[in-house]
Amino acid sequence: MLLICGTAPRKDLPLTQGEASLHGDTLRINGAAIPCTQGTAALISAAIKTAEYLGQPPPQALLVGDDGTGKGSRLLYEHLIGNLPRLAPRVVVLHYMLPVMGLMRKVSESASKAARRPFMIADAAAMYAAKAAGIARDFDLFTPDLSELAFLADPQATHPAYVSRHLFESDSTRIPELVAAAYANRSAARTLVVKGATDHVAQNGRILDTVSEPNVPALEAIGGTGDTISGMVGAFVHGGFGEVTAARVAIRANRMAGLYAGATPATRIWQVIEVLPRVFADHLDDWARQAGDASMERSAS
Amino acid sequence: MFFKSGKKNGFEGGGLVLFDSVEEAMSGERALKADGVENRLVAPPPELRRGCDLALEINLVEKPAVERMLRSRQVPFIDILPMKGDAELLQVVQVTDFGEAVMVKAGNMKLTFDKSSGVVLNISGGGCPDIPYLHAEMLAKPLDRAPRPKEMGHTLCSLMLDRAYVQSLEIWKNGGR
C-alpha cells in the first residue's frame, strides 16, 4: 500500500481514509470531493496518475480537514501513531500538517513497530517537524525546495521562517554546500530531492544527479509543482523503482509536464497533472533506462 | 537544554512567550488553554530572559495564532521568540518578473499576481495546513480584495505569505514596478 497522509482545505472534512481517484480538477476519496489544488491534493493526484500508468493500485489517502488550527492535524498524528503497524503500508508519504515535534517522533516510532518499517517520505511541514525533532535520519527521502534546503542546513532553525539570512539568500550555485551542511547536521533524510531552477538528487551527502532542462520558469510560481514531484516519487518507489531512479524520473517528468501543459504563472496544478500520462508514454522508458540499474538500489518492493 | 526529549508532559514547542509579570504569564497560560492551544509554563533561559522569570513554551509555528489569541483576551506580552537560532523572522523578499505577472517570494512562500489586474494567480511553497486554505480563499481575487493572510492564518507559513502579500500589494499599486 502507498499511504499518503495530509490535510485538506475543508474545515468539515473528518479524518478520511480511502482509495483516491481523480476526476478532472476534483479528487474523490470515500465520497468526499476535494479540489485538486496546491498541497496534499496535488500530491495525491500526481501519485494517482503515476500509479495508473504503472498498472499499480491507486494510493490510499489519509486526509483530514484543517484550516491551520492544527485540530485536524492532531487527529491525523494520533491515527498514525495508533494504526501504522496495523496498516502496514510499504510506502508512506507525510505532507501538509501542523508540525508538532513530539507527535512526529511518535509517528516515526510507530512506523518502526510494523513488521517491516515502511519507506518513509516527508515533504512540506511533515519534513519541518522531522527535522526540528531531530529524526530526519529516520526518513528515507525528503523533497525540499531551495528555501527548505536552507532550513535543513541551518542547525538551529525549527521552521523555514527563522532560517539565517545568509543561508536563505543562497542561490542555486550553493546547493552542494547546503546539501553538505544538511547531512553534516543530520538534518537530511538518506535521499534528498531538491526542487528548483536546477533540480538535484543527493544521497548520503553525495549529489548524484542534476537536471535543468527543459527550463520552464513559470513552474516555480504554480502552487503544487513541488507536491507533484513528491507524489510521483512515492508512486514510483511503490511501483518498484529504486529511490534514486524514482527521483531522477520524477524531476524530469515534472519539468516535461510543465512544457507539455504550456505552463504560465496562471496555470493551475491540475492542468500540469493531467498531461502526466502523455509525458510518461513519451519518455518514461528512456528515463528509467538512463537512470541506471534500479536493482542496485534499495527498493520498497 | 530546552529541546531534550522526555519532558514531563512530552511537549516540545520551540517557542517562548515572554511576559513582564508572573501574573501575566499565568493569565496567558489560562487564555491559551481555554482556546485549546498547547503550552506550558517554563523558566526562560538567561539569554532570552526579559521581564519576569516565567514564560510560556508554545509551538513556535503557531506564533500568529497565539499573538491573536493573547491580544483578543487582552493579555499583554513582551515578545514571542524561538528558543534557539535566529530570533528574527526572515525579512528578505525576492521578486521575479514574468512579464505580465510578478512573483514575490518571502521565506518559503511565493505569491504570483497579474500586473495589470492585481489578481492573485498562484500561491506556492509552504507546508503548514493553513496554506492550501489561504490558497483557496485568495486565488482569482484582486490583491486589495483578497483576505489578508495574517488575519486568517495560524502559522509561520501564513506570516511569510503575509510578507509576500504586503510586498505584492505595494508593487501592484506602484504599477507593477
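The shown structure was predicted, so the numbers you read here are calculated from the model rather than taken from an experiment. Every chain is numbered on its own, with residues counted from 1 as its sequence reads. Numbering of ligands from 1 and lettering of chains from A proceed in the order in which they are written. Local features in this predicted model are restricted to residues of pLDDT 70 or higher, and side-chain atom pairs are both shown and tallied only at a pLDDT of 80 or more, whereas totals for entire chains, interfaces and linings draw on every residue.

(A) Seen up close, the overall build of chain A. Note on conventions: DSSP H or I runs of at least 4 residues are helices, E runs of at least 2 residues are strands, and numbering of each starts at the N terminus. Along the backbone of chain A there are 11 helices and 11 strands. Throughout, the radius of gyration refers to the C-alpha atoms, and the reference size of a globule is 2.2 Å times the residue count to the power 0.38. By the compact-globule yardstick of 19 Å for 301 residues, chain A fits well, its C-alpha radius of gyration being 17 Å. Considering only C-alpha atoms, chain A reaches an extent of 45 × 40 × 40 Å along its principal axes. In chain A, buried positions account for 60% of the 301 residues. The burial criterion counts other C-beta atoms lying within 10 Å of a residue's C-beta, which is placed from the backbone; the residue is buried at 20 or more, exposed at 12 or fewer, and partly exposed between these limits.

(B) Just the overall build of chain B, in detail. The secondary structure content of chain B amounts to five helices and eight strands. In chain B, the succession of α and β elements from N to C terminus is β-α-β-β-α-β-β-β-β-β-α-α-α. Buried positions account for 48% of the 177 residues belonging to chain B. Look at the contacts in chain B between residues 6 or more apart in sequence, and 62% of them connect residues 24 or more apart. Here the contact rule is simple: place C-beta atoms from the backbone, and any two residues whose C-beta atoms are within 7 Å are in contact.

(C) Layout of the packing of helix α3 (residues 130-138) of chain B against helix α5 (residues 156-173) of chain B. All names here are of chain B. Only C-alpha atoms enter the line fits that serve as axes; for helices the fit covers just the stretch in contact. Angles between N-to-C directions range over 0 to 180 degrees. Two elements in contact, α3 and α5, have axes whose closest approach is 9 Å; the angle formed by their N-to-C orientations is 40°. Here α3 contributes Asp130, Ile131 and Leu134 to the contact with α5, which in turn contributes Cys157, Ser158 and Leu161. Looking at the contact of α3 with α5 residue by residue, the class counts come to four nonpolar, one polar and one charged. For this classification, Asp, Glu, Lys and Arg are treated as charged, while Ala, Val, Leu, Ile, Met, Phe, Trp, Tyr, Cys and Pro are nonpolar and the rest, including Gly, are polar.

(D) Representation of the interface of chain B and chain A within the structure. Contacts between chain B and chain A engage 44 residues on the former and 49 residues on the latter. Sorting the residues of the side of chain B that touches chain A by element identifies β6 (101-106), β7 (109-114), β8 (120-125), α3 and α5 of chain B as the ones contributing at least two each. Here the element with the most residues in the side of chain B that touches chain A is α3 of chain B; it accounts for six residues. Residues of the side of chain B that touches chain A, tallied by class, amount to 21 nonpolar, 17 polar and six charged.

(E) How the structure looks around the sheet that holds strand β7 (residues 119-122) of chain A. All names here are of chain A. By the convention used here, strands pair only if DSSP detects at least 2 bridges between them. One open sheet accounts for 11 strands, arranged β4-β3-β2-β5-β1-β6-β7-β8-β9-β10-β11; its pairing is mixed. Only two strands of the sheet have a single neighbouring strand rather than two, namely β4 (32-35) and β11 (206-211). Two elements, strand β1 (residues 2-8) and strand β5 (residues 60-65), share six bridges in a ladder whose sense is parallel. Following the sheet pairing, Gly6 is matched in β5 by Leu63.

(F) Region of interest: the sheet that holds strand β1 (residues 14-18) of chain B. Residue and element names in this part refer to chain B. Pairing within the open sheet is antiparallel, and its four strands lie in the order β2-β3-β1-β4. Every other strand in the sheet has two partners, leaving β2 (39-42) and β4 (79-82) as the edge strands with one partner each. Each strand of the sheet is rotated relative to its neighbour by a mean of 30°, with strand direction disregarded. Inspection of the sheet shows β1 paired to β4 by four bridges, in the antiparallel sense. Bridge pairing links Leu18 to Asp79 in β4. The sheet strands contacting helix α2 (residues 63-72) are β1, β3 (55-59) and β4, and the helix crosses β4 at an angle near 160°.

(G) Spatial organisation of the domain arrangement of chain B. Residues and elements named next belong to chain B. Where each domain begins and ends follows an automated or database-derived domain assignment. The assigned domain composition of chain B is domain 1 (14-82) and domain 2 (93-173). Inter-centroid distance (C-alpha atoms) of domain 1 to domain 2 is 29 Å. By residue class, the composition of the side of domain 1 that touches domain 2 is three nonpolar, no polar and two charged.

(H) Highlighting helix α5 (residues 146-153) of chain A. Summarising burial for α5 of chain A: eight of the eight residues are buried, a large majority. By the burial criterion, the buried members of α5 of chain A are Leu146, Ser147, Glu148, Leu149, Ala150, Phe151, Leu152 and Ala153 of chain A.

(I) Unusual backbone geometry, seen in detail. Along the chain, Glu213 of chain A connects to Pro214 of chain A via a cis peptide bond; the corresponding omega equals -10°. In this structure, Pro214 of chain A sits in the loop between β11 and α8 (225-238). Unlike most non-glycine residues, Ala88 of chain A shows phi in positive territory, near 50°. Of note, Ala88 of chain A is situated in the loop between α2 (71-87) and β6 (91-94). Phi is positive for Gln74 of chain B, close to 55°, though the residue is something other than glycine.

(J) Spatial organisation of α5 of chain B. Residues and elements named next belong to chain B. Here, expected helix span is obtained from the residue count minus one, scaled by 1.5 Å. Compared with the 26 Å implied by 1.5 Å per residue over 18 residues, the 26 Å span of α5 between its first and last C-alpha is a close match. Counting buried residues along α5, 13 of its 18 residues qualify, which places the element largely inside the surrounding structure. Downstream of α5 by a residue or two, Gly175 has a phi angle that is positive, lying close to 80°.

(K) Region of interest: the confidence of the model for chain A. Residue-level confidence of the predictor is summarised by pLDDT, bounded by 0 at the bottom and 100 at the top. Summary statistics for chain A give a mean pLDDT of 94 and a share of 97% for residues scoring 70 or more. Contacts from residues 293-301 of chain A, a stretch scored under 50 in pLDDT, to residues over four places away or in other chains number 20 contacts.

(L) Just the pairing of β8 of chain B, in detail. All names here are of chain B. Counting buried positions along β8 yields six of six residues, so the element is predominantly enclosed. Relative to β8, β7 is paired through five bridges, and the arrangement is antiparallel. Bridge pairing in β8 places Phe113 opposite Val120. With antiparallel pairing between neighbouring strands as the criterion, β7 and β8 make up a hairpin whose turn holds five residues, including Gly118 at a positive phi of roughly 75°.

(M) Fine view of the packing of helix α1 (residues 40-54) of chain A against α8 of chain A. All names here are of chain A. Axis separation between α1 and α8 bottoms out at 7 Å; the angle between their running directions is 35°. For α1 against α8, the interelement crossing comes out right-handed. Residues Ala42, Leu43, Ile44, Ser45, Ala46, Ala47, Thr50, Ala51 and Leu54 of α1 touch α8, and the partners they reach there are Asp227, Thr228, Ser230, Gly231, Met232, Gly234, Ala235 and Phe236. A per-class count over the contact of α1 with α8 returns 10 nonpolar, six polar and one charged. Less than a right angle of anticlockwise turn of the near helix away from the far helix marks a crossing as left-handed, whereas a clockwise turn marks it as right-handed.

(N) Up close: the environment of Leu2 of chain A. All names here are of chain A. Along the polypeptide, Leu2 turns up in strand β1. Look at Leu2 and you get buried, because 30 C-beta atoms sit within 10 Å. Once the C-alpha coordinates of Leu2 and Cys36 are considered, the two residues, 34 residues apart in sequence, prove to be 19 Å apart. Once residues within four sequence positions are removed from consideration, Leu2 is found in contact with Ala47, Ala51, Pro59, Gln60, Pro89, Val91, Gly234, Ala235 and His238.

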